[in-house]
Each structure stands twice: as C-alpha cells, then as structure tokens.
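A look at the structure
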Amino acid sequence: DGTHGGGSEYTTGVTKDDSAYKTTITVAASAPQLYYYCQNHSGMGGAINTNSTLGSSNFDGSIQSRAKVNATAGFSIVTYTGTGSTTTVGHGLGVAPKVVLTRSRSSGGSWGVLHTASNPTAEHRINLNDNGGFSSYQGYNIWADTVPTSTVFTVNSDSTTNASSVTYVGYLFNEVEGYSKFGIYKGNGASEDGPFVFTGHRPAWMMFKNVNTST
C-alpha cells in the first residue's frame, strides 16, 4: 500500500521506457487501487488516482487536459484550466483539427472559434456568439497565431480561451469523408444561381457564419 517493501507489483497494461525514465500504465476498469513507492527509501509513496469523471487524462500539451475522443467521427471534447499565458492543450484526435470552439465553464466570456479553412494562420479573431466578422490580427491573443497540430492546440492569454485559473471546454472537429466537411465560400447575392459548395455527402446539419462583414 505504497510503503517500501509492501504490496506486490502490478504489471497489467504497464510499459517501461528506462531510457526516458518513464513508466506508462493503462488502467483497466477492473484494476485494484494502485500505489507507487520508492524501492530505496521507506515512506516515499502514495496512491495513484485516476479521473472520477468522463474522459481520459491527456499529457500531450504543456498542461494536463481531459479529453473524450471519437477519432472515427473526428470529434473531441476537451476540458482544461487556463494559465493566463501561452499554453498548449492536448486533444487526443491524432490528426490536426479543422475547427476548434472554446468556452469558459467557470466565468463569463465568448465562444472562441478557430476555423482553419478561413483562418489558416490563426491570426484572426472571431466569436460564434456575436455579429462581428474577423478582427484583423487579433488572433494572437486567443490562439498565439498558431494552428493546431495532430496532438495539441495552442491558446494565449485572452479570456476567451485561457484566463488564469478559469476552467474551459473545447470542442474540436476533424474532417471525416462522408461525415463532416468544413470550408469557406464567397457569396454572390444571386437568388437563383448562388455559389455551389461541394460537401461529398448529404448534410444533416449545417452552420454558417459571415467572416468578412458584421452580420
């Protein structure tokens, strides 16, 4: 029970990388209470605690996040606590997301949107919950001018994504053929012959947002 010389070794789902001084344990639902201890020093140990809420701990970013991922559908729900400075957050998708939506869970704020088809350098700011289009070159405060990677998305000091000690939820979407499509088009104002947008499937749900004017 975490005391030097006590208990027995737990080996199920355990992988060790001695070169990196790293041990990874994939904990099964049937696992007993686990403890760690130092084999050389008595009293140096304690209980290993896992999440009591839905989702898996993710350590890919500079802070720990919790992610619930459906990689087949290209969808991840991530929760994390803000730091107030440039931070990376692990999302678990395994591919770079096309769209990131964030919202504070513990204070007021806007829905931040990073849509990489229309904002491929993450330099612009747009909020889902207001009429404004892109605010030129204000994306740094929200996304640090950094597009997501296959493992993390980056947030900066703005309260939309990363105020200190504020809790957040992020919804991340990757494009999956026959299931989801994300893009940008330019309207022509014509009532009978508008622009054609190819999605590759029949959408059950669509969302639009004007990005270059206020509406």
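Heads up: these notes are all about the structure in this document.

With that out of the way, let us pick up unusual backbone geometry. For residues other than glycine, phi is negative in most cases, and the peptide bonds are mostly trans. Of note, the phi angle at tyrosine 21 is positive, near 50 degrees, even though the residue is not glycine. Looking at where tyrosine 21 falls in the secondary structure, it is placed in the loop between strand 1 (14-17) and strand 2 (22-25). Residue tyrosine 21 is classed as exposed on the basis of its relative accessible area of 79%. Its identity as a non-glycine residue notwithstanding, serine 165 has a phi of 70 degrees, on the positive side. Turning to its location among the elements, serine 165 is positioned in the loop between strand 11 (152-155) and strand 12 (167-173).

In the structure shown here, the tally under the stated rule is six aromatic pairs. Aromatic pair tyrosine 80 and phenylalanine 153: ring centres 6.0 Å apart, planes at 75 degrees, arrangement edge-to-face. With tyrosine 80 in strand 7 (residues 75-81) and phenylalanine 153 in strand 11, the pair connects residues that are 73 residues apart, well separated along the chain. For tyrosine 80, a relative accessible area of 4% translates into the label buried. Here the aromatic rings of tyrosine 185 and phenylalanine 208 are separated by 6.5 Å at their centres, their planes lie at 90 degrees, and the arrangement is edge-to-face. In this pair, tyrosine 185 is assigned in the segment after strand 12 and phenylalanine 208 in the segment after strand 12, connecting sequence segments 23 residues apart. Residue tyrosine 185 is classed as partly exposed on the basis of its relative accessible area of 45%.

Basis of the calculations
Residues numbered from 1 in each chain as written. Predicted model: local features only at pLDDT ≥ 70, side-chain atom pairs only at ≥ 80, totals over all residues. Heavy atoms only, no water. Helix = DSSP H or I, 4+ residues; strand = E, 2+ residues; numbered from the N terminus. Buried < 20%, exposed > 50% of the residue type's maximum accessible area, 1.4 Å probe, protein only. Phe/Tyr/Trp six-rings, centres within 6.5 Å; stacked < 30°, edge-to-face > 60°.

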